[in-house]
Amino acid sequence: MFGSNLVIFEEESKRINASLAKLLGETRAKSIFLIDKNGHLIGSCGETQGMDMASLASLTAGNIAATGGLAQLIGEEEFSVLFHQGERDSLHISIVVKRVILLVIFDERSSLGLVRLRVKRASEELAQIFETIFRKAEAKSGEAKQMMETRFAEITDADIDNLFKT
Amino acid sequence: MSFINYSSREINCKIVYYGPGLCGKTTNLQYIYQKVSPQAKGKLISLATETERTLFFDFLPLELGAIRGFKTRFHLYTVPGQVFYDASRRLILKGSDGVIFVADSQVERMESNVESLHNLESHLAEHGTSIEKIPFVLQYNKRDLPNIVSVEELQQALNHNNHPYFEAVASKGTGVFETLKMIAKLVLNELKTGAG
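Residues numbered from 1 in each chain as written. Chains lettered and ligands numbered in written order. Predicted model: local features only at pLDDT ≥ 70, side-chain atom pairs only at ≥ 80, totals over all residues. Heavy atoms only, no water.

### With respect to the packing of aromatic side chains
Per the stated rule, a full pass over the model turns up 10 aromatic pairs over all chains. Where Phe9 of chain A meets Tyr6 of chain B, the ring centres are 4.7 Å apart and the plane angle is 15 degrees; that geometry is what we call stacked. Here Tyr6 of chain B lies in the loop between strand S1 (3–5) and strand S2 (10–18) and Phe9 of chain A lies in the loop between strand S1 (6–8) and helix H1 (10–27), a pairing that spans two chains. By relative accessible area, which is 6% here, Tyr6 of chain B ends up buried. Look at Tyr6 of chain B and Phe70 of chain B: their rings are 5.3 Å apart centre to centre, the planes differ by 85 degrees, and that puts the pair in the edge-to-face class. One end of the pair, Tyr6 of chain B, is in the loop between S1 and S2; the other, Phe70 of chain B, is in strand S5 (residues 70–78), and 64 residues separate them in sequence. Per residue, the accessibility class of Tyr6 of chain B equals that of Phe70 of chain B, and both read buried. Taken together, Phe56, Phe57, Phe59 and Tyr77 of chain B form an aromatic cluster joined through their ring pairs. Positioned above the aromatic ring of Tyr77 of chain B is the side chain of Lys14 of chain B, whose terminal nitrogen or guanidinium carbon lies 4.9 Å from the ring centre. (Phe/Tyr/Trp six-rings, centres within 6.5 Å; stacked < 30°, edge-to-face > 60°. Helix = DSSP H or I, 4+ residues; strand = E, 2+ residues; numbered from the N terminus. Buried < 20%, exposed > 50% of the residue type's maximum accessible area, 1.4 Å probe, protein only. Lys NZ or Arg CZ within 6 Å of the ring centre and 35° of its normal.)

Written out as C-alpha coordinates, the structure is:
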(Lines give C-alpha, C1' and ligand atoms only; values in the text may rest on other atoms or scores of the structure.)
Protein backbone atom coordinates (compact mmCIF):
# COMPACT_ATOMS: atom_id res chain seq x y z
CA MET A 1 0.00 0.00 0.00
CA PHE A 2 1.02 3.58 -0.61
CA GLY A 3 1.06 5.09 2.86
CA SER A 4 -1.76 4.83 5.34
CA ASN A 5 -5.48 4.83 4.63
CA LEU A 6 -7.50 7.98 5.13
CA VAL A 7 -10.15 7.20 7.73
CA ILE A 8 -12.78 9.77 8.69
CA PHE A 9 -15.17 9.31 11.62
CA GLU A 10 -18.56 10.85 12.33
CA GLU A 11 -17.27 13.69 14.50
CA GLU A 12 -14.67 14.98 12.03
CA SER A 13 -17.07 14.45 9.13
CA LYS A 14 -19.57 16.79 10.81
CA ARG A 15 -16.86 19.37 11.47
CA ILE A 16 -15.76 19.21 7.81
CA ASN A 17 -19.31 19.64 6.52
CA ALA A 18 -19.91 22.57 8.87
CA SER A 19 -16.71 24.21 7.72
CA LEU A 20 -17.63 23.77 4.03
CA ALA A 21 -21.15 25.12 4.63
CA LYS A 22 -19.74 28.17 6.37
CA LEU A 23 -17.35 28.78 3.47
CA LEU A 24 -20.22 28.42 0.99
CA GLY A 25 -22.17 31.16 2.76
CA GLU A 26 -19.19 33.47 3.11
CA THR A 27 -18.10 33.19 -0.52
CA ARG A 28 -21.59 33.04 -2.10
CA ALA A 29 -20.15 30.20 -4.20
CA LYS A 30 -22.29 27.74 -6.18
CA SER A 31 -20.74 24.62 -4.70
CA ILE A 32 -17.73 23.45 -2.73
CA PHE A 33 -15.97 20.08 -2.74
CA LEU A 34 -13.30 18.55 -0.57
CA ILE A 35 -11.33 15.86 -2.37
CA ASP A 36 -8.37 13.75 -1.35
CA LYS A 37 -5.32 13.81 -3.63
CA ASN A 38 -6.16 10.32 -4.90
CA GLY A 39 -9.44 11.59 -6.32
CA HIS A 40 -11.87 10.41 -3.63
CA LEU A 41 -14.62 12.84 -2.65
CA ILE A 42 -14.56 13.63 1.08
CA GLY A 43 -17.37 16.19 1.36
CA SER A 44 -19.46 18.63 -0.63
CA CYS A 45 -22.11 21.33 -0.27
CA GLY A 46 -24.13 23.77 -2.37
CA GLU A 47 -25.65 23.14 -5.78
CA THR A 48 -24.42 19.61 -6.37
CA GLN A 49 -27.54 17.95 -7.73
CA GLY A 50 -27.12 16.37 -11.14
CA MET A 51 -23.38 16.87 -10.99
CA ASP A 52 -21.04 13.98 -11.81
CA MET A 53 -19.14 14.28 -8.56
CA ALA A 54 -16.97 11.16 -9.01
CA SER A 55 -15.59 12.52 -12.29
CA LEU A 56 -15.24 16.00 -10.82
CA ALA A 57 -13.19 14.63 -7.91
CA SER A 58 -11.01 12.44 -10.12
CA LEU A 59 -10.26 15.17 -12.67
CA THR A 60 -9.53 17.74 -9.96
CA ALA A 61 -7.04 15.35 -8.38
CA GLY A 62 -5.56 14.66 -11.83
CA ASN A 63 -5.26 18.39 -12.40
CA ILE A 64 -3.45 18.89 -9.11
CA ALA A 65 -1.19 15.91 -9.83
CA ALA A 66 -0.29 17.22 -13.28
CA THR A 67 0.43 20.77 -12.11
CA GLY A 68 2.38 19.31 -9.18
CA GLY A 69 4.52 17.49 -11.73
CA LEU A 70 5.00 20.75 -13.63
CA ALA A 71 5.95 22.55 -10.41
CA GLN A 72 8.66 20.03 -9.67
CA LEU A 73 10.08 20.40 -13.17
CA ILE A 74 10.75 24.08 -12.48
CA GLY A 75 12.02 23.47 -8.95
CA GLU A 76 8.84 24.31 -7.01
CA GLU A 77 7.41 21.86 -4.49
CA GLU A 78 3.86 22.34 -5.74
CA PHE A 79 1.41 25.02 -6.88
CA SER A 80 -0.90 25.37 -3.93
CA VAL A 81 -3.57 27.44 -5.70
CA LEU A 82 -5.05 27.01 -9.21
CA PHE A 83 -7.69 29.15 -10.86
CA HIS A 84 -9.66 28.31 -14.00
CA GLN A 85 -11.83 31.05 -15.43
CA GLY A 86 -14.91 30.15 -17.44
CA GLU A 87 -17.51 32.27 -19.20
CA ARG A 88 -20.10 31.69 -16.47
CA ASP A 89 -18.51 29.54 -13.78
CA SER A 90 -14.95 29.53 -12.50
CA LEU A 91 -12.95 27.09 -10.40
CA HIS A 92 -10.70 27.90 -7.47
CA ILE A 93 -8.61 24.89 -6.45
CA SER A 94 -6.32 24.89 -3.45
CA ILE A 95 -4.35 22.35 -1.46
CA VAL A 96 -4.99 21.95 2.27
CA VAL A 97 -2.46 20.24 4.57
CA LYS A 98 -0.66 18.78 1.52
CA ARG A 99 -3.11 15.91 1.22
CA VAL A 100 -6.58 17.24 0.43
CA ILE A 101 -7.93 19.59 -2.23
CA LEU A 102 -10.55 22.29 -1.75
CA LEU A 103 -12.53 23.04 -4.91
CA VAL A 104 -14.81 26.09 -5.04
CA ILE A 105 -17.11 26.62 -8.03
CA PHE A 106 -18.42 30.17 -8.28
CA ASP A 107 -20.12 32.54 -10.72
CA GLU A 108 -20.76 36.30 -10.95
CA ARG A 109 -22.46 36.32 -7.54
CA SER A 110 -18.97 35.99 -6.05
CA SER A 111 -15.47 37.09 -7.03
CA LEU A 112 -11.99 35.64 -7.15
CA GLY A 113 -10.79 38.03 -4.45
CA LEU A 114 -13.56 37.05 -2.06
CA VAL A 115 -13.08 33.33 -2.69
CA ARG A 116 -9.34 33.59 -2.23
CA LEU A 117 -9.71 35.48 1.05
CA ARG A 118 -12.30 33.15 2.58
CA VAL A 119 -10.60 29.98 1.35
CA LYS A 120 -7.46 31.01 3.18
CA ARG A 121 -9.32 31.22 6.49
CA ALA A 122 -11.31 28.04 5.88
CA SER A 123 -8.08 26.20 5.02
CA GLU A 124 -6.72 26.94 8.48
CA GLU A 125 -9.85 25.51 10.05
CA LEU A 126 -9.79 22.44 7.80
CA ALA A 127 -6.10 21.95 8.55
CA GLN A 128 -6.94 21.66 12.24
CA ILE A 129 -9.64 19.09 11.55
CA PHE A 130 -7.28 17.04 9.41
CA GLU A 131 -4.61 17.15 12.06
CA THR A 132 -7.11 15.41 14.34
CA ILE A 133 -7.94 12.90 11.59
CA PHE A 134 -4.27 12.08 10.98
CA ARG A 135 -3.58 11.87 14.72
CA LYS A 136 -6.39 9.38 15.15
CA ALA A 137 -5.16 7.35 12.19
CA GLU A 138 -1.64 7.29 13.55
CA ALA A 139 -2.71 5.99 16.94
CA LYS A 140 -2.29 2.40 15.84
CA SER A 141 -3.69 0.99 19.04
CA GLY A 142 -6.48 3.53 19.05
CA GLU A 143 -10.01 3.80 17.85
CA ALA A 144 -9.27 3.76 14.12
CA LYS A 145 -7.30 0.53 14.08
CA GLN A 146 -9.69 -1.24 16.41
CA MET A 147 -12.81 -0.23 14.49
CA MET A 148 -11.25 -1.15 11.16
CA GLU A 149 -10.22 -4.55 12.43
CA THR A 150 -13.54 -5.46 13.94
CA ARG A 151 -15.47 -4.08 11.00
CA PHE A 152 -13.47 -5.68 8.22
CA ALA A 153 -12.07 -8.81 9.80
CA GLU A 154 -15.09 -10.79 8.74
CA ILE A 155 -15.14 -9.90 5.03
CA THR A 156 -15.51 -13.22 3.25
CA ASP A 157 -15.02 -14.29 -0.35
CA ALA A 158 -18.81 -14.63 -0.58
CA ASP A 159 -19.21 -10.93 0.38
CA ILE A 160 -16.91 -9.96 -2.47
CA ASP A 161 -18.64 -12.33 -4.94
CA ASN A 162 -21.94 -10.68 -4.02
CA LEU A 163 -20.58 -7.27 -5.05
CA PHE A 164 -20.14 -8.54 -8.60
CA LYS A 165 -23.56 -10.08 -8.96
CA THR A 166 -25.12 -6.81 -10.08
CA MET B 1 -4.46 4.10 0.16
CA SER B 2 -8.16 3.60 0.66
CA PHE B 3 -10.50 6.29 1.90
CA ILE B 4 -12.92 5.06 4.54
CA ASN B 5 -15.72 7.33 5.73
CA TYR B 6 -17.51 6.02 8.81
CA SER B 7 -19.98 8.87 8.71
CA SER B 8 -21.35 8.14 5.24
CA ARG B 9 -20.35 4.45 5.56
CA GLU B 10 -18.22 4.29 2.44
CA ILE B 11 -15.06 2.53 1.35
CA ASN B 12 -13.28 4.05 -1.67
CA CYS B 13 -10.44 2.19 -3.37
CA LYS B 14 -8.22 3.07 -6.31
CA ILE B 15 -7.20 0.37 -8.77
CA VAL B 16 -4.72 1.01 -11.57
CA TYR B 17 -4.38 -0.89 -14.84
CA TYR B 18 -0.73 -0.83 -15.91
CA GLY B 19 1.02 -2.25 -18.97
CA PRO B 20 2.68 -1.45 -22.29
CA GLY B 21 1.05 0.61 -25.05
CA LEU B 22 -1.88 -1.05 -26.86
CA CYS B 23 -1.99 -4.03 -24.46
CA GLY B 24 -5.72 -3.51 -23.77
CA LYS B 25 -5.98 -1.50 -20.53
CA THR B 26 -8.59 0.88 -21.91
CA THR B 27 -10.39 -2.07 -23.54
CA ASN B 28 -10.76 -3.65 -20.07
CA LEU B 29 -12.44 -0.49 -18.78
CA GLN B 30 -14.65 -0.18 -21.85
CA TYR B 31 -15.87 -3.76 -21.43
CA ILE B 32 -16.59 -3.24 -17.72
CA TYR B 33 -18.42 -0.01 -18.57
CA GLN B 34 -20.59 -1.84 -21.13
CA LYS B 35 -21.49 -4.66 -18.80
CA VAL B 36 -22.10 -2.99 -15.45
CA SER B 37 -25.64 -1.79 -14.78
CA PRO B 38 -26.20 1.98 -15.15
CA GLN B 39 -26.84 2.53 -11.45
CA ALA B 40 -23.51 0.92 -10.53
CA LYS B 41 -21.29 3.04 -12.72
CA GLY B 42 -20.39 6.63 -13.40
CA LYS B 43 -19.10 8.09 -16.63
CA LEU B 44 -16.10 6.56 -18.36
CA ILE B 45 -13.68 9.43 -18.74
CA SER B 46 -10.87 9.12 -21.27
CA LEU B 47 -8.19 11.75 -21.51
CA ALA B 48 -6.94 10.55 -24.87
CA THR B 49 -5.17 11.93 -27.93
CA GLU B 50 -6.99 12.49 -31.22
CA THR B 51 -5.99 8.98 -32.26
CA GLU B 52 -7.55 7.57 -29.08
CA ARG B 53 -4.27 6.71 -27.39
CA THR B 54 -4.48 7.38 -23.66
CA LEU B 55 -2.80 10.71 -22.95
CA PHE B 56 -3.19 11.04 -19.19
CA PHE B 57 -5.63 8.44 -17.85
CA ASP B 58 -8.98 6.71 -18.26
CA PHE B 59 -11.25 6.73 -15.25
CA LEU B 60 -14.29 4.62 -14.39
CA PRO B 61 -16.00 4.84 -10.99
CA LEU B 62 -17.90 1.71 -9.92
CA GLU B 63 -20.27 1.48 -7.00
CA LEU B 64 -21.02 -2.19 -6.75
CA GLY B 65 -22.97 -2.44 -3.52
CA ALA B 66 -22.47 -2.72 0.21
CA ILE B 67 -20.09 -4.90 2.11
CA ARG B 68 -20.59 -5.19 5.88
CA GLY B 69 -22.88 -2.16 5.66
CA PHE B 70 -20.33 -0.04 3.79
CA LYS B 71 -20.96 1.25 0.27
CA THR B 72 -17.99 0.00 -1.71
CA ARG B 73 -16.62 2.14 -4.51
CA PHE B 74 -13.82 1.18 -6.84
CA HIS B 75 -12.18 3.86 -8.92
CA LEU B 76 -10.54 2.23 -11.93
CA TYR B 77 -7.72 4.07 -13.69
CA THR B 78 -5.51 3.20 -16.62
CA VAL B 79 -2.08 4.69 -17.20
CA PRO B 80 -0.87 5.74 -20.65
CA GLY B 81 1.19 2.84 -21.96
CA GLN B 82 3.44 4.69 -24.39
CA VAL B 83 7.00 4.91 -23.10
CA PHE B 84 7.31 8.70 -23.22
CA TYR B 85 4.35 9.31 -20.89
CA ASP B 86 6.38 8.18 -17.92
CA ALA B 87 5.68 11.22 -15.73
CA SER B 88 1.92 10.68 -16.09
CA ARG B 89 2.26 7.02 -15.14
CA ARG B 90 4.09 7.91 -11.95
CA LEU B 91 1.37 10.41 -10.94
CA ILE B 92 -1.51 8.03 -11.55
CA LEU B 93 0.12 5.15 -9.75
CA LYS B 94 0.47 7.24 -6.60
CA GLY B 95 -2.09 6.39 -3.96
CA SER B 96 -3.34 3.24 -5.66
CA ASP B 97 -4.63 0.35 -3.56
CA GLY B 98 -3.99 -2.34 -6.13
CA VAL B 99 -2.41 -2.78 -9.55
CA ILE B 100 -3.44 -4.97 -12.49
CA PHE B 101 -0.64 -5.54 -14.97
CA VAL B 102 -2.05 -6.18 -18.44
CA ALA B 103 0.44 -8.00 -20.65
CA ASP B 104 0.15 -8.35 -24.42
CA SER B 105 0.56 -12.07 -25.24
CA GLN B 106 1.92 -11.51 -28.74
CA VAL B 107 5.50 -12.70 -29.33
CA GLU B 108 6.68 -9.34 -30.64
CA ARG B 109 5.34 -7.51 -27.56
CA MET B 110 7.25 -9.54 -24.97
CA GLU B 111 10.07 -7.03 -24.75
CA SER B 112 7.57 -4.22 -24.18
CA ASN B 113 5.87 -6.26 -21.44
CA VAL B 114 9.13 -6.78 -19.59
CA GLU B 115 10.13 -3.14 -20.04
CA SER B 116 6.75 -1.96 -18.72
CA LEU B 117 6.96 -4.28 -15.70
CA HIS B 118 10.42 -2.90 -14.88
CA ASN B 119 9.01 0.59 -15.26
CA LEU B 120 6.24 -0.28 -12.78
CA GLU B 121 8.75 -1.74 -10.35
CA SER B 122 10.91 1.37 -10.47
CA HIS B 123 7.91 3.68 -9.89
CA LEU B 124 6.73 1.55 -6.98
CA ALA B 125 10.23 1.74 -5.51
CA GLU B 126 10.10 5.55 -5.80
CA HIS B 127 6.87 5.44 -3.78
CA GLY B 128 8.60 3.22 -1.22
CA THR B 129 6.84 -0.01 -2.07
CA SER B 130 7.08 -2.99 -4.43
CA ILE B 131 5.00 -5.55 -6.31
CA GLU B 132 5.41 -7.98 -3.41
CA LYS B 133 3.89 -5.52 -0.95
CA ILE B 134 0.77 -4.40 -2.83
CA PRO B 135 -2.30 -6.25 -4.13
CA PHE B 136 -1.09 -7.25 -7.61
CA VAL B 137 -2.71 -9.32 -10.37
CA LEU B 138 -1.52 -10.09 -13.91
CA GLN B 139 -3.71 -10.40 -16.96
CA TYR B 140 -2.34 -12.13 -20.07
CA ASN B 141 -4.39 -10.46 -22.75
CA LYS B 142 -5.04 -11.15 -26.45
CA ARG B 143 -5.06 -14.94 -26.04
CA ASP B 144 -7.16 -15.24 -29.22
CA LEU B 145 -4.38 -14.02 -31.52
CA PRO B 146 -2.30 -16.50 -33.53
CA ASN B 147 1.24 -15.37 -32.74
CA ILE B 148 1.22 -15.61 -28.95
CA VAL B 149 3.72 -16.95 -26.43
CA SER B 150 2.70 -19.70 -24.02
CA VAL B 151 1.39 -18.92 -20.53
CA GLU B 152 4.46 -20.72 -19.13
CA GLU B 153 6.75 -18.29 -20.93
CA LEU B 154 4.70 -15.30 -19.77
CA GLN B 155 4.84 -16.61 -16.23
CA GLN B 156 8.59 -17.07 -16.45
CA ALA B 157 9.15 -13.58 -17.82
CA LEU B 158 6.66 -11.58 -15.75
CA ASN B 159 5.42 -13.44 -12.69
CA HIS B 160 8.37 -14.41 -10.54
CA ASN B 161 6.46 -14.30 -7.28
CA ASN B 162 3.48 -16.34 -8.30
CA HIS B 163 0.87 -13.59 -8.18
CA PRO B 164 -2.64 -14.46 -9.35
CA TYR B 165 -2.94 -14.32 -13.16
CA PHE B 166 -5.71 -14.65 -15.73
CA GLU B 167 -5.77 -15.33 -19.43
CA ALA B 168 -7.95 -12.82 -21.24
CA VAL B 169 -9.42 -11.56 -24.47
CA ALA B 170 -10.45 -8.13 -23.21
CA SER B 171 -12.17 -7.13 -26.47
CA LYS B 172 -14.60 -10.03 -25.97
CA GLY B 173 -14.71 -9.74 -22.19
CA THR B 174 -12.96 -13.03 -21.45
CA GLY B 175 -11.10 -12.77 -18.15
CA VAL B 176 -11.99 -9.11 -17.60
CA PHE B 177 -14.27 -9.51 -14.59
CA GLU B 178 -12.23 -12.41 -13.19
CA THR B 179 -9.21 -10.09 -13.04
CA LEU B 180 -11.17 -7.24 -11.49
CA LYS B 181 -12.79 -9.51 -8.94
CA MET B 182 -9.42 -10.88 -7.85
CA ILE B 183 -7.86 -7.44 -7.34
CA ALA B 184 -11.00 -6.31 -5.45
CA LYS B 185 -10.63 -9.33 -3.20
CA LEU B 186 -6.97 -8.64 -2.53
CA VAL B 187 -7.60 -4.93 -1.88
CA LEU B 188 -10.48 -5.57 0.53
CA ASN B 189 -8.51 -8.28 2.30
CA GLU B 190 -5.77 -5.72 2.77
CA LEU B 191 -8.21 -3.62 4.81
CA LYS B 192 -8.31 -6.38 7.40
CA THR B 193 -4.57 -6.54 7.84
CA GLY B 194 -3.40 -3.09 6.79
CA ALA B 195 -5.94 -1.24 8.91
CA GLY B 196 -5.32 2.38 9.80
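### Observations regarding the environment of Ile155 of chain A
When you line up the elements, Ile155 of chain A lands in the loop between helix H4 (143–152) and helix H5 (157–163). Taking relative accessible area as the criterion, Ile155 of chain A reaches 4% and is therefore assigned buried. For Ile155 of chain A, the residues in contact, after removing those within four places along its chain, are Ile160 of chain A together with Ile67, Arg68, Leu188 and Lys192 of chain B. (Contact = heavy atoms within 4.5 Å.)

### What about the interface of chain B and chain A?
On the chain A side, the residues contacting the 54 residues of chain B number 45 residues. Roughly 4700 Å² of surface becomes buried between chain B and chain A when both sides are summed, with 62% attributable to carbon and sulfur atoms. The shortest N-O distance in the salt bridge between Lys185 of chain B and Asp157 of chain A comes to 3.9 Å. Linking chain B with chain A are 9 residue pairs in polar contact (both at pLDDT 80 or more), by the criterion used here. Among the elements of the structure, S1, S2, strand S3 (45–48), strand S4 (54–67), S5, helix H2 (86–93) and helix H5 (176–193) of chain B are those that each provide at least two residues to the side of chain B that touches chain A. For the side of chain B that touches chain A, the per-class residue count stands at 29 nonpolar, 14 polar and 11 charged. Where S1 of chain A lies against S1 of chain B, 3 bridges are found, and the strand directions are parallel. (Buried area = accessible area lost by both parts, 1.4 Å probe. Salt bridge = Lys/Arg side-chain N within 4 Å of Asp/Glu carboxyl O. Polar contact = N/O pair within 3.5 Å; in protein donor to acceptor, adjacent residues only side chain to side chain. Nonpolar A, V, L, I, M, F, W, Y, C, P; charged D, E, K, R; others polar. Pairing = 2+ DSSP bridges.)

### Focus on H1 of chain A
The end-to-end C-alpha separation of H1 of chain A is 26 Å, in line with the 26 Å expected for 18 residues at 1.5 Å each. Here H1 of chain A has its buried residues at Glu12, Ser13, Ile16, Ser19, Leu20, Leu23, Leu24 and Thr27 of chain A. Each buried residue of H1 of chain A sits inside an arc of 140 degrees when the element is viewed along its axis, so together they form one side. Away from the buried face of H1 of chain A by more than 90 degrees, exposed residues Glu11, Lys14 and Gly25 of chain A are located. On the buried face of H1 of chain A, the contacting elements are S1, strand S2 (31–36), strand S3 (41–46), strand S6 (100–106) and helix H3 (112–138) of chain A together with S1 of chain B. At the exit of H1 of chain A stands Arg28 of chain A, carrying a positive phi of roughly 55 degrees. (Expected span 1.5 Å × (residues − 1). Arc of directions from axis to C-beta.)

### Side note on the sheet that holds S3 of chain A
All names here are of chain A. The strand order S3-S2-S6-S5-S4 describes an open sheet built from 5 strands, whose pairing is antiparallel. Every interior strand has two partners, whereas the edge strands, S3 and strand S4 (81–84), have only one. Pairs of neighbouring strands in the sheet enclose a mean axial angle of 15 degrees, with direction left out of account. Summarising the sheet, S4 and strand S5 (residues 90–96) pair through 4 bridges and their orientation is antiparallel. Considered in S5, the bridge of Val81 is made with Ser94. In the packing of H1 onto the sheet, the strands contacted are S2, S3 and S6, and the crossing angle to S3 comes to about 40 degrees. (Axes fitted to C-alpha atoms, helices over the stretch in contact; angles between N-to-C directions.)

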